[in-house]
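One-letter residues, chain by chain:
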Amino acid sequence: MKIDNVSYRSVWVDAEDGWSVHIFDQTRLPWSLDILRLTGRDQVAHAIRTMQVRGAPLIGAVAAYGLALALRHDSSDEAMERDAALLAATRPTAVNLGWAIRRMLTRLRTTAPADRVAAAYDEAGRICDEDVIQNEAIGRQGLELIEQVAGLRPGPVNILTHCNAGWIATVDWGTALAPIYMAHDRGIDVHVWVDETRPRNQGASLTAWELGRHGVKHTVIADNAGGHLMQHGMVDMVIVGTDRVTRTGDVANKIGTYLKALAARDNGVPFWVALPSTTIDWGISDGVREIPIEERAGREVTHIQGRDETGAPATVQLVPDGSRAANPAFDVTPARLVTGLITERGRCPATADGLCDLFPEYV
Ligand SMILES: CSC[C@H]1O[C@H](OP(=O)(O)O)[C@H](O)[C@@H]1O
């Protein structure tokens, strides 16, 4: 995607040294665009754990490069398995992380140690290139849904999204936002209701930043406002991303997604989930029981980051000293509340049959 008319991906290998890896520090957005140069395994692990880099497809891609960086230090079998396990354990919910590491190991275990670094960079690069292609295809699949609504009546197509599933959550294009970018670029009048997405505020700080940079009309709202807007006919559809989808169509996504799905169902608003097939966990069926939900630090709830009147970054405490906080970072929306899944191969019902029809080779 472009920033000030310069094309970027969310992760790239340094063009000069050919081995260090660059990402945007997403904890610094929207106030400053800081590019981090990653040079080792521990730096990559820290970036994923602290959400300097986040978004299901992107953490998989960055972890893949993290393994390549680790192999530069030690390409032995023991070190490779150890480093892969460490990177795979940095965050539990997004299945793309484990998928990417498993894909890397599949290639590297049959590669001679002396050839592993080159093979790792090659495979990580393929993961990135495929993510871009998949997300662009998701954009085209979702664009058709927006075009259908735009053809029904004049005025903007109003889309609500939760968290950030934009280009900065993936290698490029995004998932939930890809159809929106394509509709905007084709002159369709779209407006996005951007859930702030407490407690990390990925919507307020990342989705709003992305859409603003691309010139897409948007309004940031409190997470709790979505149901009201749906009741008053102000939302034509919901499109969200996801971190893990079961083989039966249950959807894990940022905390609060489930509540939006309930409000959408109650108000007859289509609730779409956009995902590349790398986000499908074919090994599980019951999302509520089987998807691991990351529990993050309570400080993310008790404190909030922003900038003060002088423009300086600031962190303020929101709750009384001594109050405890719970911080489940994801929830699971049962398939019955999902209108459909938007994948790189097409749209399908959130059902085992729907996914099997699109991806028969995985079943
Ligand atoms: C395109 S996947 C985006 C997905 O990842 C986010 O989680 P996090 O910000 O914690 O990495 C969120 O669930 C988004 O929907």
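One numbering rule holds for all chains: residues counted from 1, following each sequence as written. Thresholds applied to this predicted model are a pLDDT of at least 70 for local features of residues and 80 or more for the giving and counting of side-chain atom pairs; totals over whole chains, interfaces and linings are not thresholded and use all residues.

S.K.: Explain the site of the ligand here, please?
M.R.: Close to the ligand lie 17 residues; Arg 54, Ala 56, Ala 165, Gly 241 and Lys 254 are nearest. Helix numbers and strand numbers start at the N terminus; a helix is a DSSP run of H or I with at least 4 residues, a strand a run of E with at least 2. Elements that contribute at least two residues to the shell around the ligand include exactly helix H2 (56-73) and strand S11 (251-254). Looking at side-chain class alone, the shell around the ligand contains seven nonpolar, seven polar and three charged residues. Any residue whose backbone-placed C-beta atom lies within 6 Å of a molecule or strand is treated as near that molecule or strand. Residues are sorted three ways: Asp, Glu, Lys and Arg are charged, Ala, Val, Leu, Ile, Met, Phe, Trp, Tyr, Cys and Pro are nonpolar, and all the rest, Gly among them, are polar.

S.K.: So what exactly am I meant to see when it comes to the domain arrangement of the protein chain here?
M.R.: Splitting the protein chain by domain gives domain 1 (2-130) and domain 2 (141-362). Relative to domain 2, the C-alpha centre of domain 1 lies at a distance of 24 Å. Taken together, the contact pairs 25 residues of domain 1 with 28 residues of domain 2. For the side of domain 1 that touches domain 2, the secondary structure elements donating two or more residues are H2 and helix H4 (95-108). Each domain's limits were defined by an automated method or a database of domain assignments. Here contacts are defined at the residue level, using C-beta atoms placed from the backbone and a cut-off of 7 Å between them.

S.K.: How should the sheet that holds strand S7 (residues 190-195) be read in this particular structure?
M.R.: The strands that make up a sheet pair up through hydrogen bonds in the backbone, lying either parallel or antiparallel. Whether two strands pair depends on DSSP finding at least two bridges between them. Read across the open sheet, the seven strands follow the order S8-S7-S6-S9-S12-S17-S18; overall the sheet is mixed. Of all strands in the sheet, those with a lone pairing partner are strand S8 (217-221) and strand S18 (346-348), marking the two edges. Strand after strand, the sheet turns through a mean of 25° between neighbouring axes, direction not considered. Two elements, strand S9 (residues 237-240) and strand S12 (residues 271-274), share three bridges in a ladder whose sense is parallel. Along S12, the bridge assignment pairs Ile 239 with Trp 272. Fitted lines through C-alpha atoms give the axes, limited to the stretch in contact for helices. The angle between two N-to-C directions lies from 0 to 180 degrees. Contacts between helix H5 (residues 116-150) and the sheet are confined to strand S6 (157-161), S7, S9, S12, strand S17 (340-343) and S18, with S17 contributing the most and set at about 130° to the helix. Of the strands in this sheet, S6, S7 and S8 touch helix H7 (residues 202-214), which is tilted by about 165° from S7.

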